[in-house]
Amino acid sequence: MQELFIDSVTHIFGEQTILNGVFINCKIGEVVGLLGRNGSGKSTLLKIIFGSIKPDNKYLKLDDKLLTKGYLSKEISYLPQDNFIPNEITVSDAIEIFCKTHQQKLLEIQFVYNNLKKKFRNFSGGESRFLEALILIYSDSKFALLDEPFSQLAPLLVDEVKQQIHYMKQFKGFIITDHYYRSILDVSNRVVLLHNGSNYKINNIDDLILHGYLPDLKA
Ligand SMILES: Nc1ncnc2c1ncn2[C@@H]1O[C@H](COP(=O)(O)OP(=O)(O)OP(=O)(O)O)[C@@H](O)[C@H]1O
């Protein structure tokens, strides 16, 4: 069983302690949902795991191997909040670069197959987001960190992304964050909440109310 493991993550921006001893792990076959209010440090945590932010402290392991930057292992991919595939690249080029192992299954998605020769500059914002999310879901790495994969997507595309994550989790582990919390609850095997710099295990909606992520409508 392969496992991505990060512990003791502390990160301070200026005078603000964003993360204070955070722990999160993910195994192949698992989707771990990461929730938290705006500014709670979700993107910062994913960037620390990937290696694009150097934290004040962290302990990052892939199985028994200690990592300094996740991306150097080539086993961790990251979907950032902003577009990351250059405008001049075609869908087919992007698939060749990122998705060698599971390419055939990705090509079975009609929208992908029908647009292979089209450049990213010629898609709408939501279409680009959909394609980038699919390419990361089908990428060759063993773990994928997805930062707001549902943003800009209409409900049918949100469902399609959820289905594809569900299919690919037999081969990969996912850590996924988004403000569409119901979709996160649907697609995840377990959920972690970031709040006041710490991580909390979430078992049900009541836990999200208890920790102040959702309003208590009964109060
Ligand atoms: N480069 C930076 N310099 C200073 N502060 C930063 C920097 N990047 C992020 N922050 C601060 O760190 C905190 C956490 O930011 P982060 O983007 O990780 O939050 P988030 O949980 O992903 O939020 P959102 O849900 O709004 O995307 C915020 O208060 C933000 O203002």
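Here, the structure is the one placed above.
In every chain, residue numbers begin from 1 and rise along the written sequence. Totals for whole chains, interfaces and linings use every residue, but because this is a predicted model, local features are given only for residues with pLDDT of at least 70 and side-chain atom pairs only at 80 or more, for both listing and counting. The basis for every side-chain value is the complete set of heavy atoms in the structure, and neither hydrogens nor water enter the calculation.

K.L.:
Help me understand the sheet that holds strand β2 (residues 16-27), please; the structure alone is not making it clear to me.
P.N.:
The 4 strands are arranged β2-β1-β4-β5 in an open sheet whose pairing can be described as antiparallel. Of all strands in the sheet, those bounded by a partner on one side alone are β2 and β5 (65-67). With direction set aside, neighbouring strand axes in the sheet form an average angle of 20°. For two strands to be treated as a pair, DSSP must find no fewer than two bridges joining them. For the purposes of this entry, the term helix denotes a DSSP run of H or I that reaches at least four residues, the term strand denotes a run of E that reaches at least two, and both are numbered from the N terminus. For strand β1 (residues 3-13) and strand β4 (residues 57-62), the ladder comprises 5 bridges, and the chain directions are antiparallel. Paired with T10 across the strands is N57, a residue of β4. A contact between two residues is defined here by any heavy atoms of the two lying within 4.5 Å. Axis definition: a line fitted to C-alpha atoms, over the contacting stretch in the case of helices. Angles run 0 to 180 degrees between N-to-C directions. Across the sheet, helix α1 (residues 42-50) touches β1, β2 and β4, and the angle it forms with β1 is around 120°.

K.L.:
Would you take a moment to explain the packing of aromatic side chains for this structure?
P.N.:
For any pair of aromatic rings, geometry is given as the distance between the ring centres together with the angle between the planes. The criterion for an aromatic pair is that two Phe, Tyr or Trp rings (for Trp, the six-membered ring) have centres within 6.5 Å, with stacked assigned to planes under 30 degrees apart, edge-to-face to planes over 60 apart and tilted to the rest. Following the criterion strictly, the structure yields 11 aromatic pairs and no others. Ring geometry for F111 versus F123: centroids 6.0 Å apart, planes at 55°, classification tilted. Here the residue F111 occupies a position in helix α4 (residues 110-114), and F123 occupies one in the loop between α4 and α5 (125-137), the gap between them amounting to 12 residues. Only protein chains enter the accessibility calculation, which uses a 1.4 Å probe; a residue whose area is less than 20% of its type maximum is buried, one above 50% is exposed, and one in between is partly exposed. Taking the relative accessible area as the measure of exposure, F111 reaches 26% and is therefore partly exposed. Exposure remark for F123: the relative accessible area of 9% places this residue in the buried category. Here the aromatic cluster, defined as three or more aromatic residues joined through ring pairs, consists of F111, F120, F123 and F130. If you follow K61 out to its NZ or CZ, it ends over the ring of F5, 5.5 Å from the centre. Above the face of the Y167 ring, K105 is positioned so that its terminal group lies 4.6 Å from the ring centre. Should the NZ of a Lys or the CZ of an Arg lie within 6 Å of a ring centre and within 35 degrees of the ring normal, that charge is described as sitting over the ring.

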